[in-house]
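# A closer look at the structure
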Amino acid sequence: MFENLSDKLQNTLKKLRGKGKLTEKDIDVAMKEVKMSLLEADVNYKVVKTFINNVKERSLGHEVMESLTPGQQVVKIVHDELMKIMGEAESKLKFNPNDITYFMMCGLQGAGKTTATGKLAKKLKKDGKRPLLVACDIYRPAAIKQLEVVGASVDVPVFAMGDKVSPVTIAKEAMKHALKHGNDVVIIDTAGRLHIDDDLMNELVQIKEEVKPDEILLLLDAMTGQDAVKVAETFNKYLEITGVILTKIDGDARGGAALSIRNVVDKPIKFVSVGEKMDQIEPFYPDRMASRILGMGDVLSIIEKAQGAFDEKQALELQKKLKTQEFNLEDFLSQLQQMKNMGPLDDILEMIPGLGGNKKLKGLKVDENEMKRTEAIIQSMTKRERLNPTIINGSRRKRIAAGSGTSVQKVNQLLKQYDEMKKMMKKFSSMEKMGKKKGGMG
Ligand code: GDP
């Protein structure tokens, strides 16, 4: 995401970083480049103007000009200001503490409403909620069916009344249904149109008045840049939306919508949708996004992904095993499998500091086949072999290679990796012991 913008900004800032002292002219030249990059990224021109003025003013201040690392100071200022235009802090969903919570999802056709409705439901369910989805799009052929399919895929019930009843009535009935069935969050999927029209807006306003939603979330396709911002302005005028979910940012190389919305409509981006799969939705953190754009990585998101994917009990057991050096191939396999739960490795690589912007790594595909091969090899071993890999001799290696459809060479390679890993662990655990003895580190 945002590759084009990222590349350009990083290039400009790299030139500043290399300088020992910055002159006013250096800053001027750099800011012209930054301005061009932002305009090319389709960021709203008013936003760009304010941004450049702020960065310039701060960059020409004493702390920067007289600092020993002026280039780095400017990078920090750019980071801060990027964060500011995106809204600074994360904006969480608002729930009704005393009653059923209602979310109304709206947006143009194709923005990704139905998909995001499913994703949100999955997330809420994981958090222990009991969501209900409501099919209020009675105009688009197959919209109801699509929501039902999405609902089934995340195992969340869908309330529908066909396409002969008005959406307002459907919403009203859904509220009764939720009360009766003990649902605590109701997500209403409304109709979209190809373009904004008064009929649609009036219908949405009626649903809003009937339901009084806790959140009115507008789905915007990030790839449409400033058009998305215009759509946001109109929806906000009619509906007074409470937040935005920005979709398809996996395909958005420019970032214009993400960087403009907050400033133009003064409503927070609450989530970003980063793919078609049901778990590809993330809370929007302006600070982390600014870091990603500047190639500074997003370590916090990696940790959260890992926390979501790894089983805590297993992790603790593994930790114990590592300490006592009992780590065997069975553990190795279970670790691999948990890593796969974190999602595509390419997504994760992008968040690692220094890797996101690394030209040499651009286009590098993590070899997921290699992971599958490793898995197949371990699965072709007997339990005894997995628990005690030292018994794997030549003939066993041949058998394992044949069983996994790989080669003896690949089996050897894996066993070597395992050995290396064990050695590393030995080092870690002895280092830790030393630390404890000295009363440090611990
Ligand atoms: P709706 O008309 O607003 O309900 O839009 P849909 O939910 O049907 O989505 C329209 C298309 O966009 C579908 O093909 C989705 O799979 C796709 N889509 C939705 N969200 C994303 C996303 O975050 N990334 C990508 N790449 N595709 C998405």
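The shown structure was predicted, so the numbers you read here are calculated from the model rather than taken from an experiment. (Residues numbered from 1 in each chain as written. Predicted model: local features only at pLDDT ≥ 70, side-chain atom pairs only at ≥ 80, totals over all residues.)

## Focus: unusual backbone geometry
Located in the positive-phi region is Glu240, a residue other than glycine, with phi close to 50°. C-beta crowding within 10 Å serves as the criterion here: with 11 such atoms nearby, Glu240 is assigned to the exposed category. If you check the backbone angles, Asp266 has positive phi at about 55° while not being a glycine. Checked against the element boundaries, Asp266 lands in the loop between α11 (256-265) and β7 (269-273). For Asp266, a count of 9 C-beta atoms within 10 Å gives the class exposed. (Buried ≥ 20, exposed ≤ 12 C-beta atoms within 10 Å, placed from the backbone. Helix = DSSP H or I, 4+ residues; strand = E, 2+ residues; numbered from the N terminus.)

## A look at the sheet that holds strand β6 (residues 243-247)
Spatial ordering of the open sheet is given by β3-β2-β4-β1-β5-β6-β7-β8, a layout of 8 strands whose pairing is mixed. Each edge of the sheet is formed by a strand with only one pairing partner; in this case those strands are β3 (158-159) and β8 (281-283). Summarising the sheet, strand β5 (residues 215-221) and β6 pair through 5 bridges and their orientation is parallel. Its bridge partner being in β6, Leu220 is matched across the sheet by Leu246. Its contacts with the sheet put helix α6 (residues 113-126) on β1 (101-106), β2 (131-135), β4 (185-189), β5, β6, β7 and β8, and the angle it makes with β4 is roughly 170°. Here helix α8 (residues 167-181) sits on the sheet in contact with β2, β3 and β4, set at roughly 160° to β2. (Pairing = 2+ DSSP bridges. Contact = placed C-beta atoms within 7 Å. Axes fitted to C-alpha atoms, helices over the stretch in contact; angles between N-to-C directions.)

## A word on the nonpolar core
Core analysis: the largest hydrophobic core is formed by 92 residues, its most contacted members being Val134, Ile188 and Leu220. Looking at this core, the element that brings in the most residues is helix α5 (residues 70-86), giving 6 residues. Looking at which domains feed residues into this core, each of domain 1 (3-86) and domain 2 (101-294) gives three or more. Discounting residues that sit within four places of it in the chain, Ile188 has contacts with Tyr102, Phe103, Met104, Met105, Val134, Cys136, Ala171, Ile207 and Val211. Membership of the second largest hydrophobic core comes to 8 residues, among which are Leu329, Ile377, Ile378 and Ile400. (Core = buried A, V, L, I, M, F, W, Y, C linked by C-beta atoms within 7 Å. Domains from an automatic or database assignment.)

## Brief notes about the site of the ligand
Near the ligand, the surroundings consist of 18 residues, among which Gly112, Lys113, Thr114, Thr115 and Ser273 are the closest. When residues of the shell around the ligand are assigned to their parent elements, the largest contribution, 3 residues, is made by α6. In terms of residue class, the shell around the ligand is built from 3 nonpolar, 11 polar and 4 charged. (Near = placed C-beta within 6 Å. Nonpolar A, V, L, I, M, F, W, Y, C, P; charged D, E, K, R; others polar.)

## Quick look at the environment of Leu93
Inspection of the secondary structure puts Leu93 in the loop between α5 and β1. The exposure class of Leu93 is partly exposed, given the 18 C-beta atoms found within 10 Å. Considered as a pair, Leu93 and Gly192 are 99 residues apart in the sequence and their alpha carbons are 22 Å apart. The residues contacting Leu93, other than those within four sequence positions of it, are Glu215 and Lys270.

## Topic: the environment of His177
The topology assignment puts His177 in helix α8. You can call His177 partly exposed: it has 17 C-beta atoms within 10 Å. Once residues lying within four places of it in the same chain are set aside, the contact partners of His177 are Leu132 and Phe159.

## Remarks on the pairing of β1
Here β1 lies mainly inside the structure; 6 of its 6 residues are buried. Residues Thr101, Phe103 and Met105 of β1 are buried on one face, and the alternating residues Tyr102, Met104 and Cys106, pointing to the opposite face, are buried as well. By the bridge criterion, 5 bridges tie β1 to β4 in an arrangement that is parallel. Along β4, the bridge assignment pairs Met104 with Ile188. The pairing of β1 with β5 spans 4 bridges and is parallel. Bridge pairing in β5 places Cys106 opposite Leu218.

## Concerning the environment of Ile52
Within the secondary structure, Ile52 is located in helix α3 (residues 45-59). For Ile52, a count of 16 C-beta atoms within 10 Å corresponds to the partly exposed category. Placed 38 residues apart in sequence, Ile52 and Glu90 show a C-alpha to C-alpha distance of 23 Å.

## A closer look at the UniProt feature "domain: SRP54-type proteins GTP-binding" (unreviewed entry) in the chain
The feature "domain: SRP54-type proteins GTP-binding" (unreviewed entry), as annotated in UniProt, sits at residues 268-281 in this numbering. End C-alpha atoms of residues 268-281 are separated by 16 Å, and the span's content is 0% helix alongside 43% strand. (UniProt positions renumbered as here; feature names shortened; annotations may be inferred.)

## Regarding the packing of α5 against helix α12 (residues 286-293)
Helix-helix packing: each pair is described by the crossing angle between the helix axes and the interaxial distance. For the pair α5 and α12, the least separation of the axes is 8 Å and the interaxial angle reads 135°. On the basis of the axis angle, α5 is oblique to α12. When the axes of α5 and α12 are compared, the crossing they make is right-handed. Facing α5, whose interface residues are His79, Leu82, Met83 and Met86, α12 presents Pro286, Asp287, Met289, Ala290, Ser291 and Ile293. Here the residues of the contact of α5 with α12 sort into 7 nonpolar, 2 polar and 1 charged. (Parallel < 35°, antiparallel > 145°, perpendicular 65-115°, else oblique. Left-handed = near helix turned anticlockwise from the far one by under 90°.)

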